[in-house]
Amino acid sequence: MSRVYNFSAGPSVLPECVLRTAAEEMLDYQGSGQSVMEMSHRSKVYESIIQACEASLRQVLSIPENYKVLFLQGGASTQFAMVPLNLMNRSKKADFVLTGQWAKKAYSEAGKFGTARAVASSADRTFAYIPRLDPASFDPEADYFHICLNNTIYGTKFPTLPETGSVPLVADVSSCILSEPLDISRFGLLYAGAQKNMGPAGLTVVIVREDLIGHPQEGTPTMLDYKIHAENGSMYNTPPTYAIYICKLVLDWIQNEIGGLEKMKALNEEKAGLLYSFLDGSALFKGTVDPDSRSLMNIPFVTGNEELDKKFIKEAEAAGFINLKGHRSVGGMRASIYNAMPIAGVEQLVAFMKEFEAKNA
Ligand SMILES: *Cc1c(COP(=O)(O)O)cnc(C)c1O
């Protein structure tokens, strides 16, 4: 068996020990005589899995008591509608910071349900930075203020959270959840598709302050009402059972093998630091993001020559470094180095880039 180093932006690399445990437990989960995939979601044995997943997530992220954790489907993209349907319920206005394609999608979807306003944008330089925000420009009447905390495509991350006062801060954390500690109490609602840093595709995690639940817009479909899912322990209908199980194994790995999110952050800083410091000193490669807006998880870079970029991606793939092609809107390369990317993967990528530079600069 040989495994590649997978720099995909999502679905993405999972910890090898998680995959091994899943393989070992595939035919007979802990003496139950069945795979987790085959279990009734109403069974005692499955109930213990979903409850353990929630308990671990609460512990790892230090989620306060007055927040609900929901295990949903539909991806982060469904949250672009679900958030306004549930939260745009007073002034029906919301503020958005446009830091990339996902933020723009959240903004335009919300516009179907109320008045979505762009407070700031970094579109002028292909979203290569996080715009400075002036809280005086925020709407104090807004029902919520939306950001995309880590911008997967462009490789930017908010260096600090906007001060929104009593307006609930809502964040798409799909590509940075579990990468470092997060003060949940600063947010009204957080959402993430699991396939970047938590597990397989098919699971969407929502963490929402209790008081924001229960006042959806008229006509909100039952399945898009947070209250329905909160009241039913994410079991109103069949939840994505296997994805939740893998998410639990990933959380166990963070807790027991890594030692929590402070340690996870230190590891992620070490990995990203290796790549950024190489890029900063390279004669051939350069990062595309302003230093004060850099992501720990997604690192885009270019040579400045499209032909050379193509050559690099091709040779890297042949050497076992896959999915390094950048998003079409940025071009060049992008290395997504989520939690599960081992440090050796980044060290070997940097060594490979040095070699390529020596041959091609
Ligand atoms: C991947 C991604 C999305 C889209 O997620 P889906 O689960 O495919 O809907 C949204 N926002 C961010 C920040 C992402 O990285």
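Just above sits the structure.
The text that follows walks through the structure, step by step, so that each part is easy to find. Counting from 1, residues in each chain are numbered in the order their sequence is written. Only residues with pLDDT of 70 or above have their local features reported here, since the model is predicted, and side-chain atom pairs are shown and tallied only from 80 upward, although totals for entire chains, interfaces and linings are computed over all residues. In computing side-chain values, all of the structure's heavy atoms are included and hydrogens and water are not.

### Focus on the site of the ligand
Thought 1: Residue proximity to a molecule or strand is established when one non-hydrogen atom of the residue lies within 4 Å of it. In the vicinity of the ligand there are 13 residues, among which Ser77, Thr152, Asp172, Gln195 and Lys196 approach most closely.
Thought 2: Within 3.5 Å is the distance limit for a polar contact, defined as a pair of N or O atoms, with the added protein rule that one can donate a hydrogen and the other accept it, and that residues adjacent in sequence qualify only through two side-chain atoms. Residue alanine 76 places a main-chain N or O atom 3.1 Å away from an oxygen atom belonging to the ligand.
Thought 3: For the ligand, a nitrogen atom lies 2.6 Å from a polar atom in the side chain of aspartate 172.
Thought 4: In this description, accessible areas are obtained by the Shrake-Rupley approach with a 1.4 Å probe, and a residue is regarded as covered only by the protein chains that are shown. When the free accessible area of the ligand is taken as 390 Å², the share hidden by the protein chains comes to 87%.
Thought 5: Only DSSP runs of H or I with at least four residues qualify as helices, and only runs of E with at least two residues qualify as strands; both kinds are numbered from the N terminus onward. Among the elements that line the shell around the ligand, the one with the most residues is helix H3 (residues 75-87), at four residues.
Thought 6: Classes in brief: Ala, Val, Leu, Ile, Met, Phe, Trp, Tyr, Cys and Pro nonpolar; Asp, Glu, Lys and Arg charged; the others, Gly included, polar. Its residues assigned to classes, the shell around the ligand comprises four nonpolar, seven polar and two charged.

### Some words on the pattern of salt bridges
Should the charged atoms of two oppositely charged side chains come close, the side chains can pair.
Thought 1: For this document, the term salt bridge refers to a Lys or Arg side-chain nitrogen within 4 Å of an Asp or Glu carboxyl oxygen. Evaluated as defined, the whole model comprises 20 salt bridges.
Thought 2: For glutamate 307, the salt bridge goes to lysine 310, with nearest N and O atoms at 3.7 Å. One end of the pair, glutamate 307, and the other, lysine 310, are both in helix H8 (residues 306-318), three residues apart, so they sit about a helical turn from each other. Across the pair, lysine 310 and glutamate 307 agree in class, each one exposed.
Thought 3: Bridged by salt links that share partners, the residues Lys157, Glu180, Lys265 and Glu269 form one connected network. Burial status follows relative accessibility: with a 1.4 Å probe on protein chains alone, a residue under 20% of its type maximum counts as buried, one over 50% as exposed, and anything between as partly exposed.

No statement about biological role is implied by the geometric values presented.
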